[in-house]
Amino acid sequence: SMIPIRGFLKSIQKMPHNQMELNDQVRREFRAQQHDSDPFSIQRAVAEGKRRLEELQEFTGEVNKYENSWINIQDPDDPRGRVGQGWPWSKT
């Protein structure tokens, strides 16, 4: 699926500064790609767009890809999923 420019522009609104410059950059890059008809180039541009949008969303706090990470495990016997903590052989 294509990356809608709206996703970028919405995320940019949450940036603390440089919003106008970022908006201009996004629009320039979308315009530069809009007439591309080579399937490989389109696929590469979409993949790069998705990566950059995810990066921007993480930076603005919209998305946290580590939300369900082992780091956030709530286990009293193994706080934060640390390997080796409380294992029998560590009690020497």
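Above this note sits the structure.
Residues numbered from 1 in each chain as written. Predicted model: local features only at pLDDT ≥ 70, side-chain atom pairs only at ≥ 80, totals over all residues. Heavy atoms only, no water.

Visitor: Help me understand the layout of surface pockets in this model?
Guide: The gaps of empty space that remain are located by a probe, the size of a water molecule, rolled over the atoms. Size it by volume and the largest pocket reaches roughly 650 Å³. Phe8, Glu29, Phe30, Ala45 and Gly49 are, among the 20 residues lining the largest pocket, the residues nearest its centre. If you list the elements that add at least two residues to the lining of the largest pocket, you get helix 1 (5-12), helix 2 (19-33) and helix 3 (39-60). A per-element tally of the lining of the largest pocket places helix 3 first, with 8 residues. Residue composition of the lining of the largest pocket, grouped by class: 11 nonpolar, 4 polar and 5 charged. (1 Å grid on protein atoms, 1.4 Å probe; cavity = no way out; pocket = protein on both sides within 12 Å on 5 of 7 lines; lining within 4 Å. Points joined across faces, edges and corners; volume = space filled by probe spheres on them. Helix = DSSP H or I, 4+ residues; strand = E, 2+ residues; numbered from the N terminus. Nonpolar A, V, L, I, M, F, W, Y, C, P; charged D, E, K, R; others polar.)

Visitor: Would you explain helix 1 in this entry?
Guide: A turn of α-helix holds 3.6 residues, and therefore any two residues three or four places apart point the same way. For helix 1, the complete set of buried residues consists of Gly7, Phe8, Leu9, Ser11 and Ile12. Elements that come into contact with the buried residues of helix 1 comprise helix 2 and helix 3. (Buried < 20%, exposed > 50% of the residue type's maximum accessible area, 1.4 Å probe, protein only. Contact = heavy atoms within 4.5 Å.)

Visitor: Would you explain the environment of Gln57 in this entry?
Guide: As for its position among the elements, Gln57 is in helix 3. Once the C-alpha coordinates of Gln57 and Phe8 are considered, the two residues, 49 residues apart in sequence, prove to be 8.5 Å apart. Those residues in contact with Gln57 that lie beyond four places of it in its chain are Ser11, Glu62 and Val63.

Visitor: What am I meant to see in the packing of aromatic side chains here?
Guide: Aromatic rings in a pair are described by how distant their centres are and how their planes are angled relative to each other. Evaluated as defined, the whole model comprises 1 aromatic pair. Aromatic side chains Phe8 and Phe30 sit 5.9 Å apart centroid to centroid with 75 degrees between the ring planes, which places their arrangement in the edge-to-face category. With Phe8 in helix 1 and Phe30 in helix 2, this pair connects stretches of sequence that are 22 residues apart. Phe8 gets classed as buried once you look at its relative accessible area, which sits at 9%. (Phe/Tyr/Trp six-rings, centres within 6.5 Å; stacked < 30°, edge-to-face > 60°.)

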